[in-house]
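# Survey of secondary and tertiary structure
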Protein chains: 2
Amino acid sequence: MLSDEQYMEIALQQAELAAEQGEVPVGAVLVLAGGQQFSAHNAPILNHDATAHAEIQVIRAACAAIGNYRLVGVQLFVTLEPCTMCAGAIIHARIARVVYGASEPKTGAVESLYQLLSDKRLNHQTELKGGVLADECSAQIKSFFKQRRK
Amino acid sequence: MLSDEQYMEIALQQAELAAEQGEVPVGAVLVLAGGQQFSAHNAPILNHDATAHAEIQVIRAACAAIGNYRLVGVQLFVTLEPCTMCAGAIIHARIARVVYGASEPKTGAVESLYQLLSDKRLNHQTELKGGVLADECSAQIKSFFKQRRK
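In this text, all values refer to a predicted model and were calculated from it rather than measured experimentally.

Analysis parameters
- Residues numbered from 1 in each chain as written.
- Chains lettered and ligands numbered in written order.
- Predicted model: local features only at pLDDT ≥ 70, side-chain atom pairs only at ≥ 80, totals over all residues.
- Heavy atoms only, no water.
- Contact = heavy atoms within 4.5 Å.
- Buried area = accessible area lost by both parts, 1.4 Å probe.
- Salt bridge = Lys/Arg side-chain N within 4 Å of Asp/Glu carboxyl O.
- Polar contact = N/O pair within 3.5 Å; in protein donor to acceptor, adjacent residues only side chain to side chain.
- Nonpolar A, V, L, I, M, F, W, Y, C, P; charged D, E, K, R; others polar.
- Helix = DSSP H or I, 4+ residues; strand = E, 2+ residues; numbered from the N terminus.
- Buried < 20%, exposed > 50% of the residue type's maximum accessible area, 1.4 Å probe, protein only.
- Lys, Arg positive; Asp, Glu negative; His and termini not counted.
- Phe/Tyr/Trp six-rings, centres within 6.5 Å; stacked < 30°, edge-to-face > 60°.
- Lys NZ or Arg CZ within 6 Å of the ring centre and 35° of its normal.
- Pairing = 2+ DSSP bridges.
- Core = buried A, V, L, I, M, F, W, Y, C linked by side-chain atoms within 4.5 Å.
- Patch = residues over 30% accessible without salt bridge, like charges linked within 9 Å, V, L, I, M, F, W, Y side chains within 5 Å.
- Areas by Shrake-Rupley, 256 points an atom, 1.4 Å probe, with all protein chains shown as cover.
- Charge placed at Lys NZ, Arg CZ, Asp CG, Glu CD.

To continue, consider the interface of chain B and chain A. Counting from both sides, the interface comprises 30 residues of chain B and, opposite them, 30 residues of chain A. Taken together, the two surfaces of chain B and chain A that pack against each other cover about 2700 Å², and 66% of this comes from carbon and sulfur. Residues Arg-60 of chain B and Asp-49 of chain A are paired through a salt bridge, measuring 2.9 Å at the closest nitrogen-oxygen approach. For the interface between chain B and chain A, the tally reads eight residue pairs in polar contact (both at pLDDT 80 or more). When its residues are assigned to classes, the side of chain B that touches chain A shows 16 nonpolar, nine polar and five charged.

Here it is in structure tokens:
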């Protein structure tokens, strides 16, 4: 296994691919218990898919690859705090641990606006760690929007 | 346009198809402003996709069909109160109106546990109506789980 920071570097590379395609730069890496990796980036505009956030893309890819709708013992690394949609998908997939980079005060649903991954009323809770390479993750998104406003 | 009850009948038929395939019976219908319809049902197990709730399936189908990640002016009918994942997808797709059948006290995220579709901190709010053919929608799910326990 790599370190959290190393996985986040891969997620950052994915986010960079998104930015090159004009998509908001968010990248994700999913790591199976045995170490197998999947990575993906935000792609709603190009994929014509409102649900195509990086987390959803990588969860769907891993589910398809292992032929199961549950991803038990899996870790997910993502450059930005997940929204309500992605937090829900993380719960449905039974992901064990989520590590994110930058906080998202406007839509974040795991710490900022809501704390969905620790809601005991739901049938799965997820270990959570935020702030890994937060400065790099945050700078990448800020740079994207600054560029776009030009 | 059909009535809310008529659209919910179509959603119920979709849910029945899910039940026949061993999936929790939830069905959804999405109606474009011009009246074009898409329908889908819950299919995570068969599709090997943790995200394949009825709402996500029908949003993805409609986005692909019209070639856009936003579904402006669209109505969504679903037999069960949406979860956090589906509520988030509804917001991302900018769906104008959501009509659901049965309440879901354990995971419902538009009235029961959370009220995501009216959260003013998020960048889109959705008109919401619950309880349409609630008894039929509720009975269908109860019957599925009763059958499965046998």
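On to the pattern of salt bridges. Residue and element names in this part refer to chain A. This model, assessed by the stated rule, comprises ten salt bridges over all chains. Its salt-bridge partner being Asp-4, residue Arg-97 comes within 2.8 Å of it at the nearest N-O pair. Here the residue Arg-97 occupies a position in strand E4 (residues 97-102), and Asp-4 occupies one in helix H1 (residues 4-20), the gap between them amounting to 93 residues. You can call Arg-97 buried: its relative accessible area is 14%. Its relative accessible area of 11% is what places Asp-4 among the buried residues. Taken together, the shared-partner salt bridges in this structure form one network comprising Asp-4, Arg-97, Glu-127 and Lys-129.

Okay, the side chain of Glu-55 of chain A next. Residues and elements named next belong to chain A. Its place among the elements puts Glu-55 in helix H3 (residues 54-66). Despite its burial, Glu-55 remains without a salt bridge, the nearest opposite charge being carried by Arg-60 at 12 Å. Glu-55 has contacts with Ala-28, Leu-76, Val-78, Leu-80, Pro-82 and Cys-86, leaving out every residue within four places of it along the chain.

Here we take up the packing of aromatic side chains. The geometry of an aromatic ring pair is captured by two quantities: the separation of the ring centres and the angle between the planes. Following the criterion strictly, the structure yields five aromatic pairs over all chains and no others. Above the ring of Tyr-114 of chain B, the side-chain terminus of Arg-121 of chain A is found at 5.1 Å from the ring centroid.

Residues and elements named next belong to chain B. The buried fraction of strand E1 (residues 27-31) is high, at five of five residues. Residues Gly-27, Val-29 and Val-31 line one face of E1 and the alternating positions Ala-28 and Leu-30 line the opposite face, and both faces are buried. The pairing of E1 with strand E2 (residues 37-41) spans five bridges and is antiparallel. For Val-31, the partnering residue across the bridge sits in E2 and is Gln-37.

This part covers the environment of Ile-56 of chain A. Residue placement: Ile-56 of chain A occurs in helix H3. Separated by 61 residues in sequence, Ile-56 of chain A and Leu-117 of chain A place their C-alpha atoms 16 Å apart. Each residue touching Ile-56 of chain A, except ones within four places of it in the same chain, is listed here: Thr-51, Met-85, Cys-86 and Ala-89 of chain A together with Thr-51 of chain B.

With 100 residues, the main nonpolar core has Leu-30, Ile-59 and Ile-95 of chain A together with Leu-30, Ile-59 and Ile-95 of chain B as its most contacted residues. Ignoring anything within four residues of it in the chain, the contact list for Ile-95 of chain A reads Leu-30, Ile-59, Leu-71, Val-74, Leu-76, Ile-90, His-124 and Thr-126 of chain A.

Attention now goes to a negative patch on the surface. All names here are of chain A. Taken together, Glu-5, Glu-9, Asp-135 and Glu-136 make up a surface patch of like negative charges. Going through the elements one at a time, H1 and helix H5 (134-149) are the ones with two or more residues in the negative patch. In this fold, Glu-136 is placed in helix H5.

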